[in-house]
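Okay, here's what each chain looks like letter by letter:
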2 protein chains.
Amino acid sequence: MTPTTPRDDEPSSPRSPVVMRDVAKAAGVSVATVSHVVNDNPRARIGQAARERVRRAIEELGYRPNALAKTLVTGSSSFIGLVADAIATTPFAGQIIQGAQDEAWKHGYVLLVANTGGNEAAEEQAIAMMLEHKVRGILYSTWFHRAVTPPAALAETDAVLVGCYSEDSSLQAVVPDEVQGGRTATQLLLDAGHRRIAFINTSHPSPAQTGRLEGYRELLERAGVGYDPALVVEATSDQEGGYEAAMRVLEHDVTAVFCHNDRVAMGLYDAARDRSLRVPDDLAVVGFDDQEVISAHLRPPLTTVALPHYDLGAAGVRLLLGIDEPTAGTARLVACPPVVRSSV
Amino acid sequence: MTPTTPRDDEPSSPRSPVVMRDVAKAAGVSVATVSHVVNDNPRARIGQAARERVRRAIEELGYRPNALAKTLVTGSSSFIGLVADAIATTPFAGQIIQGAQDEAWKHGYVLLVANTGGNEAAEEQAIAMMLEHKVRGILYSTWFHRAVTPPAALAETDAVLVGCYSEDSSLQAVVPDEVQGGRTATQLLLDAGHRRIAFINTSHPSPAQTGRLEGYRELLERAGVGYDPALVVEATSDQEGGYEAAMRVLEHDVTAVFCHNDRVAMGLYDAARDRSLRVPDDLAVVGFDDQEVISAHLRPPLTTVALPHYDLGAAGVRLLLGIDEPTAGTARLVACPPVVRSSV
DNA sequence: ATGAAAGCGCTAACAC
DNA sequence: GTGTTAGCGCTTTCAT
């Protein structure tokens, strides 16, 4: 009665090493049958009786299929890797993770995330680890829109760039539509009747810098208001920059300003208050990003244009899985929607 | 010459199905030998020549070990699951992910993340999926400190609660030390010579509410200043709450106020400015959380107490892997450090 | 010092 | 309808 075979003892064992064979034995069928009912395999006809016994056995033993073993035999894993520079650590780009995860789950995949801090060695290590775990593909993403030179190892699997793009467009990419965003912001102000609209742009060279300016300019010209370079100033893209830029911008007696982002708008609010200018009565302002901690709680709440982080992540997964058709040669653009609050 | 065995063709195949056997063949050794050199197995003596040939073959073929197959045979996976309610979507708690990931990597584990939005069904699904992927253990975390009733399925593996705790303390937990945080904030103000220190507490019942108050009170009494209930007001924990609470608090001619968090402090700043009160000259303020987008960029930059998200994540992993000893019965506390800027 | 072989938990032909 | 069997890529005794 000494247990020489530690295999078939009670489920009193430390932790469920309950495998398919155990279920099969308990149900009095073969593992193949168990496999078929577990997977609802349509090409296999299993009798109601057996099916029921198997179900009960699974239930009673607390059986959990081993996804890894399954992957090994089917050859296709259910992992999608997400390597990010600073997404998890940055306020609000976390939505990329959420979008990617939701979309991945929808198709039976789970996310393997690695936040590398932009460190190249960490990136390589992360990608290597993902490759070794036989991921279905990798999403390589950045927390702000920019050009990148993707790690070479990405070529070993399917990969898509999210929130960034490679200059040689060797990889599929999905990025926010900065130009449309610039247009949207400007439209918001134009619609409210403003004609002298300043633009506090970022001083950081980037797709956002050129794209939003282009949208702003385009819409102003299209509306017959005309583009006045004097109304465009550059500043660092934070509260300090916005505060400081306000000096330069407000001397042009503008009635509205489009800010590069919400933080800049927050700085502008401060400056306006110092001058006893009321938002939106004396000065209308629209931000960008929709960084909710700020935008939703400024006084008055800020009307802004949202960066579609969630959609970026989701679109990345769809591209990766081939659900969305890749746009040839160029990055797929995702729209930046307006978020109307009370500052216009 | 028709390829009946699709196995041994050139590496021209679409994507590296290079397996150990291929390496073995190329190096003229057995798979066992390859395995030994790949893992630097100390209990196996491999000749320099063979070792070298294997290394070269690996290099030339671009071989990547299959971590899943390895897991299958060794029985221990290298995954740690992180199920979060809203960490990835919340500004700044993302540091929990980062801390967990860094610590996990350090020990050869990779993170499987699932942000569930607090949805119970999603939680169960996430945990089930992690269990099926045979994770080493699961970190169950919340973006703000609170009591939870952990999903039952967590019992099927090792689990630790991060940023939350279960009332029946059935699971290990690691949470921020709210009391010490309250003391720290108060100390900052006391050190600057303040004696009439108000506290805008949150109106949301929580460990933060009671803990920080306790620390505040404790320190005030210890410092001989005494605790005056009139100086404590409650408010919603955002900018609006801070602005509104300012009314109630400033009529007690206090010289300093400890705010439940940075957002409340931001609201207080607004109110102070409306009254032409200068921070810190007329009013010293300290926040809590160190929500950097806000705290670092307020005018003046806010002195605050940081919520140790990163450490929480890292400590969670350490507890999970048994690197840190569990504190019996009660949750492990991690300190909230002061972050000195210019508002005191 | 190196290799043959068994088997991890599972799926997928193919028998019966 | 259900069982047998051959692997998936790898590690690991145990021979040699």
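The rules behind these values
Residues numbered from 1 in each chain as written. Chains lettered and ligands numbered in written order. Predicted model: local features only at pLDDT ≥ 70, side-chain atom pairs only at ≥ 80, totals over all residues. Heavy atoms only, no water. Helix = DSSP H or I, 4+ residues; strand = E, 2+ residues; numbered from the N terminus. Rg over C-alpha atoms; globule rule 2.2 N^0.38 Å. Contact = heavy atoms within 4.5 Å. Areas by Shrake-Rupley, 256 points an atom, 1.4 Å probe, with all protein chains shown as cover. Least-squares fit on C-alpha atoms with pLDDT ≥ 70 in both. Axes fitted to C-alpha atoms, helices over the stretch in contact; angles between N-to-C directions. Parallel < 35°, antiparallel > 145°, perpendicular 65-115°, else oblique. Left-handed = near helix turned anticlockwise from the far one by under 90°. Nonpolar A, V, L, I, M, F, W, Y, C, P; charged D, E, K, R; others polar. Domains from an automatic or database assignment. Pairing = 2+ DSSP bridges. Near = heavy atom within 4 Å. Polar contact = N/O pair within 3.5 Å; in protein donor to acceptor, adjacent residues only side chain to side chain.

A few words now on the overall build of chain A. When its secondary structure is counted, chain A shows twelve helices and twelve strands. Against the 2.2 N^0.38 benchmark of 20 Å for 344 residues, chain A shows a C-alpha radius of gyration of 27 Å, more extended than a compact globule. C-alpha atoms of chain A, sized along the principal axes, occupy 95 × 40 × 35 Å. For chain A, restricting intrachain contacts to residue pairs at least 6 apart in sequence, the fraction spanning at least 24 positions comes to 68%. Taken as a whole, chain A presents about 14900 Å² of accessible surface, with 51% of it coming from carbon and sulfur.

Attention now moves to the relation of the copies chain A and chain B. Note on the identical chains: chain A maps onto chain B by a rotation of 180° and an axial translation of 0.0 Å, with an RMSD of 0.1 Å. Here the transformation between the copies is reduced to the relation of a two-fold axis. Judged by C-alpha distance, Pro91(A) is the residue of chain A that lies nearest the rotation axis, at 2.1 Å. The fraction of interface residues of chain A whose copies in chain B are also interface residues reaches 100%, indicating that both copies meet through the same surface.

This part takes up the packing of helix α5 (residues 94-106) of chain A against helix α12 (residues 309-320) of chain A. Residue and element names in this part refer to chain A. Between α5 and α12, whose axes approach to 6 Å, the crossing angle comes to 40°. Taken together, the axis directions place α5 and α12 in an arrangement best described as oblique. α5 and α12 meet at a crossing whose hand is right-handed. Between α5 and α12, the residues in contact are Gln95, Ile96, Gln98, Gly99, Ala100, Asp102, Glu103 and Ala104 and His309, Tyr310, Gly313, Ala314, Val317 and Arg318, respectively. Here the residues of the contact of α5 with α12 sort into six nonpolar, five polar and three charged.

Moving on, we come to the domain arrangement of chain A. If you check the domain split of chain A, you get domain 1 (20-74), domain 2 (79-176 + 310-334) and domain 3 (178-307). Measuring from the centre of the C-alpha atoms in domain 1 of chain A to the corresponding centre in domain 3 of chain A gives 61 Å.

Once that is clear, we can look at the sheet that holds strand β8 (residues 256-259) of chain B. All names here are of chain B. Taken in spatial order, the four strands make up an open sheet running β7-β6-β8-β9, and their pairing is parallel. Two strands in the sheet have a free side with no partner beyond their single neighbour: β7 (232-235) and β9 (284-286). Along the sheet, successive strands turn relative to each other by an average axial angle of 20°, direction set aside. Where strand β6 (residues 197-202) and β8 come together, four bridges link them in parallel fashion. Bridged to Ile197 within β8 is Ala256. The strands touched by helix α9 (residues 239-250) are β6, β7 and β8; relative to β7, the strand with the most contacts, the crossing angle is about 155°.

Turning next to the protein's contact with DNA strand C. Close to DNA strand C lie 26 residues; Met20(A), Tyr63(A), Ser30(B), Thr33(B) and Gly47(B) are nearest. Separating a phosphate oxygen of DNA strand C from a side-chain N or O atom of Ser35(A) is a distance of 2.9 Å. Between DNA strand C and Asn39(A) there is a distance of 3.1 Å, counted from a phosphate oxygen to a side-chain nitrogen or oxygen. Mapped onto the surface near DNA strand C, the elements with two or more residues apiece are α1 (20-27), α2 (31-38) and α4 (67-74) of chain A together with α2 (31-38) and α4 (67-74) of chain B. The greatest single-element share of the surface near DNA strand C, amounting to four residues, is contributed by α4(A). Looking at side-chain class alone, the surface near DNA strand C contains 13 nonpolar, eight polar and five charged residues.

Around DNA strand D sit 26 residues, and of these Ser30(A), Thr33(A), Gly47(A), Met20(B) and Tyr63(B) come closest. When the atoms of DNA strand D within 4 Å of the protein are grouped by moiety, sugar and phosphate amount to 75% of the total. The separation between a phosphate oxygen of DNA strand D and a polar main-chain atom of Met20(B) is 2.5 Å. One of the side-chain N or O atoms of Asn39(B) is found 3.1 Å from a phosphate oxygen in DNA strand D. Broken down by secondary-structure element, the contributors of at least two residues to the surface near DNA strand D are α2 and α4 of chain A together with α1 (20-27), α2 and α4 of chain B. Its residues placed into classes, the surface near DNA strand D shows 13 nonpolar, eight polar and five charged.

Turning our attention to the sheet that holds strand β6 (residues 197-202) of chain A. Residues and elements named next belong to chain A. Spatially, the four strands line up as an open sheet ordered β7-β6-β8-β9, and their pairing is parallel. Only two strands of the sheet have a single neighbouring strand rather than two, namely β7 (232-235) and β9 (284-286). Here the average twist between neighbouring strands, direction ignored, is 20°. The sheet contact formed by β6 and β7 spans four bridges and is parallel. Opposite Asn201, over in β7, you have Glu234 as the bridge partner.

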